[in-house]
Amino acid sequence: MAPVTKYPMTTLFDARAKLARLQFRELELLQELLDIRKAIPAQEAVIDELIRASPVPPISRLPNELLAQIFLVLRDKQKNLAGVSRRWRAVIMDIPSIWSNINLDLCKNSVLLKLHLERSHQAPLTVSLSNYEPELMDIVMPHANRWRALRILGHAMIILNRIFDLKFSSLEFLLVDLERHSTDLLRTIHLRVPALKCLQLQAVDECPWASGLNDFSPPRSTPSGFIAAESLTKLSLKGETEGREWLPDSIHFPFLESLALQTTDPMLVLEAIVAPKLKMFEFVLGLAENPIRGTFSGAASKFDE
């Protein structure tokens, strides 16, 4: 039979006392835990009340929808705005149209450009470029069906040649800063811009419509050959036009409402254009050598319906 270990009475008494103290402490902690759990909701209510009573900045009271409209106006400051707060960043990241401006002269990083396009989702794009960057062009060209506005501010001949085969089904605005011979390429894209509403041509220094025609050009050597005249509502021309063969009443714009000219001989253009729906005419005197004569007057004016 195994021997039984005997503990001194003093040791047993101390062990029981320690157990009692632990059990009492357990009860104290349980009660403290219950008190804490009761105090948490009360403290949360106090905080909520203080927040409601404290002044709130007016901008913080705006709903996300209205905040998004403000950010669209300030879209050029999107990086700064996104750093203000987590709420502002979330709103900015969730607005495709705030990422719809693609300036290839500012976005030199292909990774950032891809991220920019990804955040734009399927929003119509405004593309601006003045330098030819093949790698960046390869990234943005597959989205040509979403281009709503295109601004070519340099290297027009190279860029137009690069986008020669694309179709711009949604393009409504086109601005081209022309250079010599680039208008021959511009003429060939007229069938690929069926929705074009506004055309701005700058630095016109030759008559591309009276010479250099090829098999793909329309039979008439006039601007209407590549401007998609049937849909155009706004036209702006800037440059030299004196001595050009603009045939009288040879260019028909059935829906043109706004015409802006800053040319050396505006009468050549005005005599060539027929625009029965024209509502606004803007003329800058800077380059003109010949005055505007009575083009808009008379019962048979070609600018009246």
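See the structure shown above.
Residues numbered from 1 in each chain as written. Predicted model: local features only at pLDDT ≥ 70, side-chain atom pairs only at ≥ 80, totals over all residues. Heavy atoms only, no water.

Colleague: What am I meant to see in the nonpolar core here?
Modeller: A general trend in soluble globular proteins is that nonpolar side chains are found buried together. Counting residues in each nonpolar core, the largest one holds 49 residues, and the members touching the most others are Trp 147, Leu 150 and Leu 235. Per-element tally for this core: the top contributor is helix α9 (residues 266-272), with five residues. Once you skip the residues sitting within four places of it in the chain, Leu 150 turns out to touch Val 127, Leu 129, Ile 163, Leu 171, Phe 173, Leu 174 and Leu 175. In this structure, Leu 72, Ile 92, Ile 95 and Ile 98 belong to the second largest nonpolar core, which totals 12 residues. (Core = buried A, V, L, I, M, F, W, Y, C linked by side-chain atoms within 4.5 Å. Buried < 20%, exposed > 50% of the residue type's maximum accessible area, 1.4 Å probe, protein only. Helix = DSSP H or I, 4+ residues; strand = E, 2+ residues; numbered from the N terminus. Contact = heavy atoms within 4.5 Å.)

Colleague: Explain the environment of Phe 255 here, please?
Modeller: With respect to the helices and strands, the residue Phe 255 is situated in the loop between β7 (251-252) and β8 (258-263). Taking the relative accessible area as the measure of exposure, Phe 255 reaches 42% and is therefore partly exposed. Separated by 22 residues in sequence, Phe 255 and Lys 277 have C-alpha atoms that sit 5.8 Å apart.

Colleague: It is not clear to me how the pairing of strand β5 (residues 198-204) should be interpreted in this structure. Could you clarify?
Modeller: Here is the key point about a regular strand: its side chains alternate between the two faces of the sheet. Of the pairings in the sheet, the one linking strand β4 (residues 173-177) to β5 comprises five bridges and is parallel in character. Pairing of Leu 175 across the sheet is with Gln 200, part of β5. (Pairing = 2+ DSSP bridges.)

Colleague: Explanation requested: the sheet that holds strand β2 (residues 125-129) in the structure shown.
Modeller: The strands making up a sheet are joined through hydrogen bonds of the backbone, oriented either antiparallel or parallel. Strand order across the open sheet formed by eight strands is β1-β2-β3-β4-β5-β6-β8-β10, with parallel pairing between neighbours. The outermost strands of the open sheet, each flanked by one partner alone, are β1 (101-103) and β10 (280-283). Between one strand axis and the next, the sheet turns through 10° on average, direction left out of account. (Axes fitted to C-alpha atoms, helices over the stretch in contact; angles between N-to-C directions.)

Colleague: I would appreciate a short explanation of the packing of aromatic side chains in the present structure.
Modeller: By convention here, two paired aromatic rings are described through the distance between centres and the angle between planes. Throughout the structure, instances matching the rule amount to three aromatic pairs. Over the ring of Trp 99 we find Arg 119, and its NZ or CZ is 4.7 Å from the ring centre. (Phe/Tyr/Trp six-rings, centres within 6.5 Å; stacked < 30°, edge-to-face > 60°. Lys NZ or Arg CZ within 6 Å of the ring centre and 35° of its normal.)

Colleague: Where do I start with unusual backbone geometry in this structure?
Modeller: Most of the time, phi is negative for any residue but glycine, and the peptide bond is trans. One non-glycine residue, His 121, lies in positive phi territory at about 50°. Note that His 121 resides in the loop between α5 (110-119) and β2. Of note, His 155 is a non-glycine position whose phi angle comes to about 50°, a positive value.

Colleague: Hey, could you run me through the layout of surface pockets in this one?
Modeller: To find the voids left in a structure, one rolls a probe of water-molecule size over its atoms. Here the largest pocket defines a volume of roughly 660 Å³. Looking at the largest pocket, it is lined by 25 residues, and the ones nearest its centre are Gln 78, Lys 79, Trp 99, Asn 101 and His 116. Elements with a minimum of two residues in the lining of the largest pocket: α3 (78-82), α4 (86-93), β1, α5 and β2. In terms of residue count, α5 provides more of the lining of the largest pocket than any other element does, five residues in total. (1 Å grid on protein atoms, 1.4 Å probe; cavity = no way out; pocket = protein on both sides within 12 Å on 5 of 7 lines; lining within 4 Å. Points joined across faces, edges and corners; volume = space filled by probe spheres on them.)

Colleague: Looking at this model, I keep getting lost on the pattern of salt bridges. Mind explaining?
Modeller: Two side chains carrying opposite charge are able to pair once their charged atoms lie near each other. All told, the structure shown has two salt bridges when counted by the stated rule. A salt bridge links Arg 162 to Asp 138, with the nearest nitrogen and oxygen atoms 2.3 Å apart. Of this pair, Arg 162 sits in helix α7 (residues 156-162) while Asp 138 sits in helix α6 (residues 134-140), placing them 24 residues apart in sequence. We classify Asp 138 as partly exposed; its relative accessible area is 43%. (Salt bridge = Lys/Arg side-chain N within 4 Å of Asp/Glu carboxyl O.)

Colleague: I'm lost on the packing of helix α2 (residues 64-73) against α4 in this one. Help?
Modeller: Packed helices, taken two at a time, are described by their axes: the angle between them and the distance between them. For the pair α2 and α4, interaxial distance at closest approach is 10 Å and the crossing angle is 75°. Relative to α4, α2 is oriented roughly perpendicular. Contact with α2, carried on its side by Asn 64, Leu 67, Ala 68 and Phe 71, involves Arg 87, Trp 88, Val 91 and Ile 92 of α4 and no other residues of that element. Taken together, the residues that form the contact of α2 with α4 break down as six nonpolar, one polar and one charged. (Parallel < 35°, antiparallel > 145°, perpendicular 65-115°, else oblique. Nonpolar A, V, L, I, M, F, W, Y, C, P; charged D, E, K, R; others polar.)

Colleague: Is there a simple way to explain a nonpolar patch on the surface in this structure?
Modeller: Nonpolar side chains collect at one region of the surface, where Ile 59, Leu 66, Ile 70, Val 73 and Leu 74 lie side by side and expose about 400 Å² of accessible area between them. Topologically, Leu 74 is positioned in the loop between α2 and α3. (Patch = residues over 30% accessible without salt bridge, like charges linked within 9 Å, V, L, I, M, F, W, Y side chains within 5 Å. Areas by Shrake-Rupley, 256 points an atom, 1.4 Å probe, with all protein chains shown as cover.)

Colleague: Whenever I open this one, the pairing of β2 confuses me. Can you help?
Modeller: Most of β2 is tucked away, with five of its five residues classed as buried. Taking every second residue as pointing to the same face, both faces of β2 are buried, with Leu 125, Val 127 and Leu 129 on one and Thr 126 and Ser 128 on the other. Relative to β2, β1 runs parallel, the two sharing three bridges. Paired with Asn 103 across the two strands is Ser 128, which belongs to β2. Note on the crossover from β1 through α5 to β2: the handedness is right-handed. Two strands pair when backbone bridges link them, and β2 and strand β3 (residues 147-152) are joined in this way by five bridges, in the parallel orientation. Bridge pairing links Leu 125 to Trp 147 in β3. As for the winding sense of the linkage, the β-α-β connection from β2 through α6 to β3 is right-handed. (Right-handed = clockwise from strand over helix to strand, strands pointing away.)

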